[in-house]
Amino acid sequence: MRIICTDMEGKDHELLATEEWSVMEIIREGGIPILAQCGGSCACATCHVYVDPEWKGKIPEPNEDEIGLLNGAFDVNENSRLACQIIFNKNLDGLKIKLAPGSL
Amino acid sequence: MTENNAQNPITTDAIIVGAGPVGLFAVFELGLNDVKCHLVDILDRPGGQCAELYPEKPIYDIPAVPICTGAELTEKLLEQINPFHPVFHFGQMAESLVKTPEGKWRLTTDRGTVLEAPIVIIAAGGGSFVPKRPPIKGIDAFEGKSVFYSVRKMEQFRDKKIVIAGGGDSALDWAINLQPVANHLTLVHRRDEFRAAPDSVLKMRSLVAEGLMDLKIANLTTLNGADGHLTEVVLQEDGKQPHPLACDNLLAFYGLTMKLGPVAEFGLNLHENLVTVDVATFETSVPGIFAIGDINTYPGKMKLILSGFHEAALMAKKAFTYVHPDRRYRFQYTTSSSDLQHKLGVTEAA
Ligand SMILES: Cc1cc2nc3c(=O)[nH]c(=O)nc-3n(C[C@H](O)[C@H](O)[C@H](O)COP(=O)(O)OP(=O)(O)OC[C@H]3O[C@@H](n4cnc5c(N)ncnc54)[C@H](O)[C@@H]3O)c2cc1C
Ligand code: FES
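Q: Can you explain the side chain of H189 of chain B? Please cite residues and give values.
A: Locating H189 of chain B in the fold gives a position in strand β14 (residues 184-189). Separated by 3.1 Å, the side chain of H189 of chain B and the backbone oxygen of E193 of chain B make a polar contact. Setting aside chain neighbours within four positions, we find H189 of chain B in contact with N71 of chain A together with G166, G167, F194, K216, I217 and A218 of chain B.

Structure below.
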(Lines give C-alpha, C1' and ligand atoms only; values in the text may rest on other atoms or scores of the structure.)
(Ligands and ions follow the chains in the order given, each with its own letter.)
Protein backbone atom coordinates (compact mmCIF):
# COMPACT_ATOMS: atom_id res chain seq x y z
CA MET A 1 0.00 0.00 0.00
CA ARG A 2 1.14 3.51 -0.76
CA ILE A 3 0.59 7.18 -0.18
CA ILE A 4 1.58 10.01 -2.49
CA CYS A 5 3.32 12.87 -0.72
CA THR A 6 4.02 16.15 -2.48
CA ASP A 7 7.00 17.96 -0.98
CA MET A 8 7.50 21.70 -0.60
CA GLU A 9 9.04 21.96 -4.07
CA GLY A 10 5.98 20.34 -5.59
CA LYS A 11 7.67 17.00 -6.25
CA ASP A 12 5.61 13.84 -5.76
CA HIS A 13 6.93 10.89 -3.77
CA GLU A 14 5.32 7.47 -3.60
CA LEU A 15 5.80 6.11 -0.11
CA LEU A 16 5.27 2.63 1.27
CA ALA A 17 2.47 2.74 3.83
CA THR A 18 1.81 0.44 6.77
CA GLU A 19 -1.57 0.02 8.43
CA GLU A 20 -1.94 1.58 11.87
CA TRP A 21 1.00 3.91 11.28
CA SER A 22 0.31 7.61 11.26
CA VAL A 23 0.79 9.44 7.98
CA MET A 24 3.51 11.50 9.71
CA GLU A 25 5.45 8.31 10.50
CA ILE A 26 4.97 7.05 6.95
CA ILE A 27 6.37 10.30 5.56
CA ARG A 28 9.30 10.25 7.94
CA GLU A 29 10.04 6.57 7.29
CA GLY A 30 9.90 7.31 3.57
CA GLY A 31 12.80 9.71 4.03
CA ILE A 32 10.89 12.92 3.32
CA PRO A 33 11.92 15.58 5.84
CA ILE A 34 9.03 16.53 8.11
CA LEU A 35 9.65 18.47 11.30
CA ALA A 36 7.07 16.69 13.53
CA GLN A 37 8.71 18.20 16.55
CA CYS A 38 6.53 16.54 19.19
CA GLY A 39 6.86 13.09 17.71
CA GLY A 40 3.19 12.63 16.99
CA SER A 41 1.71 13.74 20.31
CA CYS A 42 -0.63 16.32 18.76
CA ALA A 43 1.23 19.13 20.49
CA CYS A 44 3.24 21.05 17.90
CA ALA A 45 1.43 21.35 14.53
CA THR A 46 4.74 20.92 12.70
CA CYS A 47 3.37 17.92 10.78
CA HIS A 48 0.79 20.08 9.00
CA VAL A 49 -0.31 18.70 5.59
CA TYR A 50 -3.01 19.42 3.04
CA VAL A 51 -5.15 16.42 2.18
CA ASP A 52 -6.24 16.09 -1.42
CA PRO A 53 -9.93 17.13 -1.48
CA GLU A 54 -10.88 13.81 -3.10
CA TRP A 55 -9.56 11.93 -0.08
CA LYS A 56 -10.91 14.19 2.60
CA GLY A 57 -14.16 12.28 3.09
CA LYS A 58 -12.34 8.99 3.75
CA ILE A 59 -10.46 10.28 6.77
CA PRO A 60 -12.15 10.51 10.19
CA GLU A 61 -12.87 14.06 11.32
CA PRO A 62 -10.20 15.77 13.45
CA ASN A 63 -10.76 15.77 17.20
CA GLU A 64 -10.94 18.89 19.35
CA ASP A 65 -7.22 18.86 20.17
CA GLU A 66 -6.25 18.79 16.52
CA ILE A 67 -8.72 21.51 15.59
CA GLY A 68 -7.40 23.72 18.38
CA LEU A 69 -3.82 23.20 17.30
CA LEU A 70 -4.59 23.89 13.63
CA ASN A 71 -6.30 27.06 14.78
CA GLY A 72 -2.97 28.39 15.95
CA ALA A 73 -0.96 27.18 12.96
CA PHE A 74 -0.01 29.08 9.81
CA ASP A 75 -1.22 28.73 6.21
CA VAL A 76 -4.22 26.68 7.28
CA ASN A 77 -7.02 26.00 4.81
CA GLU A 78 -10.06 23.72 4.68
CA ASN A 79 -7.87 20.76 3.66
CA SER A 80 -5.42 21.17 6.53
CA ARG A 81 -4.74 18.23 8.83
CA LEU A 82 -2.01 17.10 11.21
CA ALA A 83 -0.32 14.10 9.60
CA CYS A 84 0.35 12.48 12.97
CA GLN A 85 -3.39 12.31 13.63
CA ILE A 86 -4.27 10.49 10.40
CA ILE A 87 -3.92 6.78 11.03
CA PHE A 88 -3.37 4.83 7.84
CA ASN A 89 -5.65 1.93 6.91
CA LYS A 90 -6.32 -0.02 3.73
CA ASN A 91 -9.11 2.34 2.67
CA LEU A 92 -6.48 5.06 2.40
CA ASP A 93 -4.31 3.18 -0.12
CA GLY A 94 -3.26 5.83 -2.65
CA LEU A 95 -3.94 8.76 -0.28
CA LYS A 96 -2.60 12.05 -1.60
CA ILE A 97 -1.23 14.71 0.73
CA LYS A 98 0.98 17.79 0.37
CA LEU A 99 3.37 19.11 3.01
CA ALA A 100 2.43 22.54 4.36
CA PRO A 101 5.08 25.27 4.81
CA GLY A 102 5.23 24.95 8.62
CA SER A 103 6.23 21.30 8.49
CA LEU A 104 9.88 21.80 7.58
CA MET B 1 18.77 41.28 36.85
CA THR B 2 21.94 39.70 38.10
CA GLU B 3 24.65 42.10 39.25
CA ASN B 4 27.70 40.61 37.66
CA ASN B 5 29.92 40.96 34.65
CA ALA B 6 33.03 39.62 33.04
CA GLN B 7 35.20 41.14 35.82
CA ASN B 8 32.99 39.71 38.50
CA PRO B 9 31.50 36.44 37.27
CA ILE B 10 29.37 34.06 39.30
CA THR B 11 31.57 31.05 40.04
CA THR B 12 30.21 27.58 40.57
CA ASP B 13 31.16 23.92 40.00
CA ALA B 14 28.98 23.21 36.96
CA ILE B 15 26.95 25.26 34.52
CA ILE B 16 23.97 23.45 33.03
CA VAL B 17 22.51 24.83 29.80
CA GLY B 18 18.83 23.82 29.79
CA ALA B 19 16.48 23.15 32.70
CA GLY B 20 14.45 20.41 31.02
CA PRO B 21 13.91 17.09 32.82
CA VAL B 22 17.44 15.94 32.01
CA GLY B 23 19.16 19.16 33.13
CA LEU B 24 17.16 18.97 36.35
CA PHE B 25 18.10 15.37 37.07
CA ALA B 26 21.74 16.19 36.34
CA VAL B 27 21.61 18.46 39.41
CA PHE B 28 20.78 15.39 41.47
CA GLU B 29 23.52 13.14 40.12
CA LEU B 30 26.09 15.94 40.33
CA GLY B 31 24.88 16.88 43.79
CA LEU B 32 25.55 13.38 45.11
CA ASN B 33 29.10 13.93 43.86
CA ASP B 34 29.51 17.30 45.61
CA VAL B 35 29.19 19.28 42.39
CA LYS B 36 27.10 22.44 42.74
CA CYS B 37 25.11 23.73 39.78
CA HIS B 38 23.76 26.84 38.14
CA LEU B 39 21.22 26.37 35.34
CA VAL B 40 20.37 28.69 32.45
CA ASP B 41 17.15 28.43 30.44
CA ILE B 42 15.47 30.73 27.95
CA LEU B 43 12.08 29.71 29.32
CA ASP B 44 10.76 31.46 32.41
CA ARG B 45 10.33 28.18 34.28
CA PRO B 46 11.85 24.70 34.61
CA GLY B 47 10.71 21.56 32.76
CA GLY B 48 11.74 22.08 29.12
CA GLN B 49 9.47 20.23 26.69
CA CYS B 50 7.48 18.70 29.58
CA ALA B 51 6.53 22.15 30.84
CA GLU B 52 6.18 23.94 27.51
CA LEU B 53 4.75 21.36 25.13
CA TYR B 54 2.79 18.90 27.23
CA PRO B 55 2.29 19.92 30.88
CA GLU B 56 -1.15 18.27 31.04
CA LYS B 57 -0.39 15.17 28.97
CA PRO B 58 0.45 11.83 30.57
CA ILE B 59 3.85 10.10 30.45
CA TYR B 60 3.77 6.33 31.03
CA ASP B 61 7.40 5.26 30.69
CA ILE B 62 9.19 6.72 33.67
CA PRO B 63 10.44 3.68 35.63
CA ALA B 64 8.30 2.96 38.70
CA VAL B 65 6.00 5.88 37.92
CA PRO B 66 3.07 4.27 36.06
CA ILE B 67 1.65 7.63 35.06
CA CYS B 68 2.45 11.31 35.55
CA THR B 69 1.93 14.48 33.52
CA GLY B 70 4.72 16.66 32.18
CA ALA B 71 4.02 19.20 34.90
CA GLU B 72 4.00 16.56 37.64
CA LEU B 73 7.30 15.10 36.47
CA THR B 74 8.85 18.57 36.61
CA GLU B 75 7.47 19.18 40.09
CA LYS B 76 8.81 15.85 41.39
CA LEU B 77 12.23 16.49 39.89
CA LEU B 78 12.38 19.89 41.57
CA GLU B 79 11.49 18.28 44.89
CA GLN B 80 14.17 15.63 44.37
CA ILE B 81 16.94 18.14 43.61
CA ASN B 82 15.93 20.64 46.26
CA PRO B 83 18.55 19.41 48.80
CA PHE B 84 21.28 20.55 46.41
CA HIS B 85 20.03 24.14 46.14
CA PRO B 86 20.44 24.62 42.39
CA VAL B 87 20.46 28.24 41.20
CA PHE B 88 18.30 29.04 38.17
CA HIS B 89 18.80 31.82 35.62
CA PHE B 90 15.53 31.86 33.70
CA GLY B 91 14.49 33.91 30.69
CA GLN B 92 18.05 33.96 29.42
CA MET B 93 19.70 32.47 26.38
CA ALA B 94 23.13 30.94 26.91
CA GLU B 95 24.91 32.78 24.16
CA SER B 96 28.65 32.27 24.25
CA LEU B 97 31.07 29.85 25.81
CA VAL B 98 34.80 30.56 26.03
CA LYS B 99 37.75 29.23 27.98
CA THR B 100 39.35 31.59 30.49
CA PRO B 101 43.14 31.91 30.88
CA GLU B 102 42.75 29.91 34.12
CA GLY B 103 41.26 27.01 32.16
CA LYS B 104 37.68 27.44 33.33
CA TRP B 105 34.61 27.84 31.14
CA ARG B 106 32.92 31.20 30.95
CA LEU B 107 29.33 31.28 29.80
CA THR B 108 27.59 34.56 28.97
CA THR B 109 23.85 34.97 28.50
CA ASP B 110 21.98 37.42 26.29
CA ARG B 111 21.03 39.35 29.42
CA GLY B 112 24.62 39.80 30.52
CA THR B 113 24.84 37.13 33.22
CA VAL B 114 28.38 35.71 33.34
CA LEU B 115 29.05 32.31 34.90
CA GLU B 116 32.33 30.50 35.38
CA ALA B 117 32.90 26.83 36.19
CA PRO B 118 35.34 24.02 35.48
CA ILE B 119 32.65 22.07 33.62
CA VAL B 120 29.62 22.75 31.43
CA ILE B 121 26.72 20.39 30.82
CA ILE B 122 24.74 20.96 27.64
CA ALA B 123 21.21 19.69 28.34
CA ALA B 124 19.66 21.83 25.62
CA GLY B 125 17.17 19.22 24.41
CA GLY B 126 15.56 20.05 21.09
CA GLY B 127 17.19 23.47 21.28
CA SER B 128 16.08 26.69 22.87
CA PHE B 129 12.46 27.68 22.69
CA VAL B 130 11.99 30.66 20.37
CA PRO B 131 8.79 32.34 19.20
CA LYS B 132 7.23 31.09 15.98
CA ARG B 133 7.58 33.71 13.28
CA PRO B 134 4.43 34.22 11.22
CA PRO B 135 4.93 33.60 7.49
CA ILE B 136 4.44 37.21 6.40
CA LYS B 137 6.81 38.45 3.73
CA GLY B 138 9.37 40.97 4.96
CA ILE B 139 8.45 40.65 8.64
CA ASP B 140 12.12 40.34 9.62
CA ALA B 141 12.76 43.96 8.61
CA PHE B 142 10.34 45.11 11.34
CA GLU B 143 11.41 42.71 14.10
CA GLY B 144 12.75 44.36 17.24
CA LYS B 145 11.66 47.82 16.03
CA SER B 146 7.92 47.61 15.61
CA VAL B 147 7.16 43.89 15.53
CA PHE B 148 7.68 41.95 18.77
CA TYR B 149 7.17 38.40 20.01
CA SER B 150 7.30 39.21 23.71
CA VAL B 151 6.78 42.19 25.99
CA ARG B 152 9.57 43.29 28.31
CA LYS B 153 8.40 46.83 29.12
CA MET B 154 4.74 47.80 28.84
CA GLU B 155 5.58 51.52 28.78
CA GLN B 156 7.09 51.06 25.34
CA PHE B 157 3.54 50.61 24.04
CA ARG B 158 1.93 53.63 25.68
CA ASP B 159 -0.36 55.56 23.33
CA LYS B 160 0.49 53.28 20.41
CA LYS B 161 -1.85 51.70 17.91
CA ILE B 162 -1.30 48.04 18.67
CA VAL B 163 -2.26 44.90 16.82
CA ILE B 164 -1.98 41.64 18.74
CA ALA B 165 -2.08 38.44 16.70
CA GLY B 166 -2.83 34.98 18.06
CA GLY B 167 -5.49 33.08 19.98
CA GLY B 168 -3.72 31.56 22.99
CA ASP B 169 -3.08 32.68 26.55
CA SER B 170 -0.18 35.01 25.71
CA ALA B 171 -2.18 36.85 23.04
CA LEU B 172 -5.18 37.29 25.32
CA ASP B 173 -3.21 38.17 28.46
CA TRP B 174 -1.28 40.87 26.64
CA ALA B 175 -4.38 42.20 24.91
CA ILE B 176 -6.02 42.60 28.32
CA ASN B 177 -2.91 44.08 29.94
CA LEU B 178 -1.98 46.49 27.17
CA GLN B 179 -5.51 47.68 26.39
CA PRO B 180 -5.47 50.44 29.07
CA VAL B 181 -2.02 51.61 27.95
CA ALA B 182 -2.58 51.59 24.20
CA ASN B 183 -4.05 54.33 22.08
CA HIS B 184 -5.97 51.62 20.29
CA LEU B 185 -5.73 47.85 20.42
CA THR B 186 -6.95 45.24 17.93
CA LEU B 187 -6.78 41.50 18.52
CA VAL B 188 -6.51 39.52 15.29
CA HIS B 189 -7.17 35.79 15.19
CA ARG B 190 -8.05 33.49 12.37
CA ARG B 191 -11.06 31.94 14.04
CA ASP B 192 -13.53 33.05 16.63
CA GLU B 193 -12.26 30.34 18.97
CA PHE B 194 -9.62 30.83 21.62
CA ARG B 195 -7.32 28.32 23.30
CA ALA B 196 -6.92 30.22 26.51
CA ALA B 197 -8.08 30.40 30.11
CA PRO B 198 -11.89 30.85 30.05
CA ASP B 199 -11.56 33.89 32.34
CA SER B 200 -9.31 35.68 29.86
CA VAL B 201 -11.67 34.93 26.99
CA LEU B 202 -14.58 36.41 28.98
CA LYS B 203 -12.55 39.47 29.92
CA MET B 204 -11.48 40.03 26.33
CA ARG B 205 -15.03 39.66 25.06
CA SER B 206 -16.34 42.16 27.56
CA LEU B 207 -13.65 44.69 26.59
CA VAL B 208 -14.73 44.23 22.98
CA ALA B 209 -18.40 44.60 23.90
CA GLU B 210 -17.61 47.83 25.79
CA GLY B 211 -15.86 49.16 22.69
CA LEU B 212 -12.49 49.39 24.50
CA MET B 213 -10.73 47.12 22.03
CA ASP B 214 -11.44 45.51 18.66
CA LEU B 215 -11.50 41.86 17.67
CA LYS B 216 -11.00 40.93 14.02
CA ILE B 217 -11.42 37.39 12.74
CA ALA B 218 -8.97 37.59 9.88
CA ASN B 219 -5.59 36.62 8.46
CA LEU B 220 -2.72 39.07 8.61
CA THR B 221 -1.38 39.18 5.07
CA THR B 222 0.90 42.19 4.64
CA LEU B 223 2.92 44.64 6.72
CA ASN B 224 3.47 48.17 5.41
CA GLY B 225 5.96 50.72 6.66
CA ALA B 226 9.52 51.91 6.22
CA ASP B 227 12.87 51.63 8.05
CA GLY B 228 11.51 48.98 10.35
CA HIS B 229 8.58 51.13 11.45
CA LEU B 230 5.10 49.86 10.74
CA THR B 231 2.36 52.17 9.55
CA GLU B 232 -0.34 49.63 8.75
CA VAL B 233 -1.15 45.95 8.53
CA VAL B 234 -3.43 44.41 5.94
CA LEU B 235 -6.19 42.11 7.14
CA GLN B 236 -8.01 39.55 5.08
CA GLU B 237 -11.41 38.70 6.51
CA ASP B 238 -13.33 35.73 5.12
CA GLY B 239 -15.20 36.64 1.95
CA LYS B 240 -14.10 40.29 2.04
CA GLN B 241 -11.58 42.46 0.24
CA PRO B 242 -8.26 42.82 2.08
CA HIS B 243 -8.27 46.07 4.04
CA PRO B 244 -5.59 48.07 5.87
CA LEU B 245 -5.52 48.88 9.56
CA ALA B 246 -3.31 51.65 10.95
CA CYS B 247 -0.74 50.15 13.31
CA ASP B 248 2.45 51.24 15.12
CA ASN B 249 3.28 47.93 16.76
CA LEU B 250 2.45 44.34 15.99
CA LEU B 251 2.76 41.76 18.75
CA ALA B 252 2.58 38.21 17.42
CA PHE B 253 1.97 35.30 19.80
CA TYR B 254 1.89 32.07 17.82
CA GLY B 255 3.58 29.85 20.36
CA LEU B 256 7.13 28.61 20.55
CA THR B 257 9.28 26.33 18.49
CA MET B 258 12.70 24.80 19.22
CA LYS B 259 15.88 25.90 17.42
CA LEU B 260 19.38 24.67 18.19
CA GLY B 261 20.59 28.27 18.47
CA PRO B 262 23.90 29.37 20.00
CA VAL B 263 24.90 25.85 21.12
CA ALA B 264 25.89 25.31 17.48
CA GLU B 265 28.65 27.91 17.96
CA PHE B 266 30.13 26.40 21.10
CA GLY B 267 32.81 24.61 19.07
CA LEU B 268 31.53 21.09 19.71
CA ASN B 269 31.44 18.33 17.11
CA LEU B 270 27.94 18.05 15.70
CA HIS B 271 26.13 15.44 13.67
CA GLU B 272 22.88 16.58 12.05
CA ASN B 273 22.55 19.37 14.63
CA LEU B 274 23.12 17.04 17.57
CA VAL B 275 26.19 16.93 19.78
CA THR B 276 28.30 13.79 19.49
CA VAL B 277 29.48 12.25 22.78
CA ASP B 278 31.55 9.47 24.27
CA VAL B 279 29.02 6.93 25.58
CA ALA B 280 31.06 6.05 28.66
CA THR B 281 31.15 9.61 30.00
CA PHE B 282 28.85 11.73 27.80
CA GLU B 283 31.71 14.12 27.30
CA THR B 284 31.73 15.99 23.98
CA SER B 285 34.68 16.45 21.65
CA VAL B 286 35.82 19.22 24.02
CA PRO B 287 37.13 18.07 27.41
CA GLY B 288 35.08 19.43 30.31
CA ILE B 289 31.97 19.94 28.22
CA PHE B 290 29.31 17.26 28.47
CA ALA B 291 26.06 16.77 26.54
CA ILE B 292 23.08 14.79 27.86
CA GLY B 293 19.42 14.33 26.93
CA ASP B 294 17.76 15.03 23.58
CA ILE B 295 20.64 17.25 22.41
CA ASN B 296 23.20 14.45 22.09
CA THR B 297 23.63 11.61 19.64
CA TYR B 298 25.47 8.29 19.67
CA PRO B 299 24.83 4.89 18.11
CA GLY B 300 21.48 3.59 19.32
CA LYS B 301 20.39 6.87 20.93
CA MET B 302 16.72 7.08 21.88
CA LYS B 303 15.23 10.47 22.69
CA LEU B 304 13.59 9.45 25.94
CA ILE B 305 13.62 11.02 29.37
CA LEU B 306 14.80 7.67 30.68
CA SER B 307 17.91 7.75 28.47
CA GLY B 308 18.72 11.28 29.61
CA PHE B 309 18.58 10.22 33.25
CA HIS B 310 21.01 7.37 32.65
CA GLU B 311 23.32 9.71 30.76
CA ALA B 312 23.27 12.14 33.69
CA ALA B 313 24.54 9.47 36.09
CA LEU B 314 27.48 8.49 33.88
CA MET B 315 28.29 12.11 33.13
CA ALA B 316 28.40 12.95 36.85
CA LYS B 317 31.04 10.31 37.49
CA LYS B 318 33.45 11.90 35.01
CA ALA B 319 32.41 15.44 35.94
CA PHE B 320 33.49 14.72 39.52
CA THR B 321 37.08 14.17 38.40
CA TYR B 322 37.23 17.70 36.93
CA VAL B 323 35.67 19.44 39.91
CA HIS B 324 37.46 17.44 42.60
CA PRO B 325 40.72 16.33 40.95
CA ASP B 326 42.24 15.64 44.35
CA ARG B 327 39.54 13.16 45.40
CA ARG B 328 38.81 9.58 44.39
CA TYR B 329 35.40 8.73 42.96
CA ARG B 330 33.47 6.35 45.17
CA PHE B 331 30.50 4.29 43.98
CA GLN B 332 27.73 4.30 46.60
CA TYR B 333 24.02 3.50 46.97
CA THR B 334 21.64 6.12 48.34
CA THR B 335 19.95 3.33 50.31
CA SER B 336 23.01 2.42 52.33
CA SER B 337 25.44 5.33 52.21
CA SER B 338 25.17 7.63 55.20
CA ASP B 339 27.38 10.06 53.32
CA LEU B 340 24.87 10.36 50.45
CA GLN B 341 21.96 10.46 52.89
CA HIS B 342 23.61 13.33 54.70
CA LYS B 343 23.87 15.24 51.42
CA LEU B 344 20.22 14.54 50.76
CA GLY B 345 19.34 15.77 54.25
CA VAL B 346 17.66 12.49 55.15
CA THR B 347 20.18 11.16 57.67
CA GLU B 348 18.55 9.23 60.46
CA ALA B 349 20.82 7.84 63.16
CA ALA B 350 23.87 7.01 61.04
C1 LIG C 1 4.33 15.85 23.34
C2 LIG C 1 5.54 15.09 23.79
C3 LIG C 1 5.39 13.90 24.47
C4 LIG C 1 6.50 13.20 24.94
N5 LIG C 1 6.31 12.03 25.64
C6 LIG C 1 7.39 11.37 26.14
C7 LIG C 1 7.22 10.17 26.91
O8 LIG C 1 6.10 9.67 27.10
N9 LIG C 1 8.33 9.57 27.42
C10 LIG C 1 9.60 10.06 27.21
O11 LIG C 1 10.55 9.48 27.71
N12 LIG C 1 9.78 11.19 26.48
C13 LIG C 1 8.71 11.85 25.95
N14 LIG C 1 8.90 12.98 25.19
C15 LIG C 1 10.28 13.43 24.96
C16 LIG C 1 10.83 14.15 26.18
O17 LIG C 1 10.01 15.24 26.52
C18 LIG C 1 12.24 14.62 25.88
O19 LIG C 1 13.05 13.48 25.66
C20 LIG C 1 12.80 15.41 27.06
O21 LIG C 1 12.07 16.58 27.28
C22 LIG C 1 14.25 15.76 26.82
O23 LIG C 1 14.71 16.45 27.94
P24 LIG C 1 15.94 17.43 27.86
O25 LIG C 1 16.10 17.95 29.25
O26 LIG C 1 17.07 16.76 27.21
O27 LIG C 1 15.50 18.59 26.87
P28 LIG C 1 14.25 19.59 26.80
O29 LIG C 1 13.10 19.09 27.55
O30 LIG C 1 14.10 19.88 25.36
O31 LIG C 1 14.78 20.89 27.55
C32 LIG C 1 15.86 21.64 27.03
C33 LIG C 1 15.82 23.03 27.60
O34 LIG C 1 17.01 23.71 27.23
C35 LIG C 1 16.69 25.04 26.93
N36 LIG C 1 17.75 25.59 26.06
C37 LIG C 1 18.25 25.05 24.93
N38 LIG C 1 19.25 25.82 24.42
C39 LIG C 1 19.36 26.87 25.27
C40 LIG C 1 20.22 28.01 25.30
N41 LIG C 1 21.17 28.22 24.37
N42 LIG C 1 20.04 28.90 26.30
C43 LIG C 1 19.09 28.70 27.26
N44 LIG C 1 18.27 27.63 27.29
C45 LIG C 1 18.40 26.73 26.31
C46 LIG C 1 15.34 24.96 26.26
O47 LIG C 1 14.67 26.20 26.34
C48 LIG C 1 14.67 23.85 27.06
O49 LIG C 1 13.91 24.37 28.15
C50 LIG C 1 7.81 13.69 24.72
C51 LIG C 1 7.96 14.89 24.01
C52 LIG C 1 6.85 15.60 23.55
C53 LIG C 1 7.03 16.89 22.84
S1 FES D 1 4.01 15.76 15.15
FE2 FES D 1 3.46 17.33 16.50
S3 FES D 1 1.38 17.62 16.10
FE4 FES D 1 1.93 16.06 14.73
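Q: So what's going on with the packing of helix α4 (residues 169-178) of chain B against helix α5 (residues 198-209) of chain B? Which residues, and what values?
A: All names here are of chain B. Axis separation between α4 and α5 bottoms out at 10 Å; the angle between their running directions is 45 degrees. What the angle tells us is that α4 and α5 run oblique. Crossing of α4 over α5 shows left-handed handedness. Taken together, the residues of α5 that come into contact with α4 (itself represented by D169, L172, D173 and I176) are S200, V201, K203, M204 and L207. Per-class residue counts for the contact of α4 with α5 are 5 nonpolar, 1 polar and 3 charged.

Q: I'd like to hear about the nonpolar core, residue by residue, with values.
A: Residues and elements named next belong to chain B. In this structure, I16, L30, I121, I122, I292 and M315 are the most contacted members of the largest nonpolar core, which totals 61 residues. Here the element with the most residues in this core is helix α1 (residues 21-32); it accounts for 8 residues. Discounting chain neighbours no more than four positions away, the residues touching L30 are A14, I16, V35, C37, I121, M315, A316 and A319.

Q: Describe the packing of aromatic side chains, and please don't skip the residues or the numbers.
A: All names here are of chain B. Counted according to the given criterion, the structure contains 10 aromatic pairs over all chains. Consider the rings of F88 and F90, whose centres lie 5.0 Å apart with planes at 10 degrees: the pair is stacked. For F88, a relative accessible area of 26% corresponds to the partly exposed category. Using a relative accessible area of 26% as the deciding quantity, one classes F90 as partly exposed. Between F290 and Y322, the aromatic rings sit 6.1 Å apart at their centres with planes inclined by 85 degrees, giving edge-to-face as the arrangement. With F290 in strand β22 (residues 289-291) and Y322 in helix α6 (residues 305-323), this residue pair connects regions lying 32 residues apart in the sequence.

Q: I'd like a rundown of a negative patch on the surface, residues and numbers included.
A: A surface patch of like charges, here negative, comprises E56, E72, E75 and E79 of chain B. Relative to the assigned elements, E75 of chain B resides in helix α3 (residues 70-81).

Q: Hey, could you go over the sheet that holds strand β9 (residues 114-117) of chain B for me, with residue numbers and the actual values?
A: All names here are of chain B. Read from one edge of the open sheet, 4 strands run β1-β9-β8-β7, paired in mixed fashion. The open sheet terminates on both sides in strands that have one partner only, identified here as β1 (10-11) and β7 (94-99). Direction of pairing for β1 relative to β9: parallel, over a ladder of 2 bridges. Along β9, the bridge assignment pairs T11 with E116.

About the thresholds
- Residues numbered from 1 in each chain as written.
- Chains lettered and ligands numbered in written order.
- Predicted model: local features only at pLDDT ≥ 70, side-chain atom pairs only at ≥ 80, totals over all residues.
- Heavy atoms only, no water.
- Helix = DSSP H or I, 4+ residues; strand = E, 2+ residues; numbered from the N terminus.
- Polar contact = N/O pair within 3.5 Å; in protein donor to acceptor, adjacent residues only side chain to side chain.
- Contact = heavy atoms within 4.5 Å.
- Axes fitted to C-alpha atoms, helices over the stretch in contact; angles between N-to-C directions.
- Parallel < 35°, antiparallel > 145°, perpendicular 65-115°, else oblique.
- Left-handed = near helix turned anticlockwise from the far one by under 90°.
- Nonpolar A, V, L, I, M, F, W, Y, C, P; charged D, E, K, R; others polar.
- Core = buried A, V, L, I, M, F, W, Y, C linked by side-chain atoms within 4.5 Å.
- Buried < 20%, exposed > 50% of the residue type's maximum accessible area, 1.4 Å probe, protein only.
- Phe/Tyr/Trp six-rings, centres within 6.5 Å; stacked < 30°, edge-to-face > 60°.
- Patch = residues over 30% accessible without salt bridge, like charges linked within 9 Å, V, L, I, M, F, W, Y side chains within 5 Å.
- Areas by Shrake-Rupley, 256 points an atom, 1.4 Å probe, with all protein chains shown as cover.
- Salt bridge = Lys/Arg side-chain N within 4 Å of Asp/Glu carboxyl O.
- Lys, Arg positive; Asp, Glu negative; His and termini not counted.
- Charge placed at Lys NZ, Arg CZ, Asp CG, Glu CD.
- Pairing = 2+ DSSP bridges.

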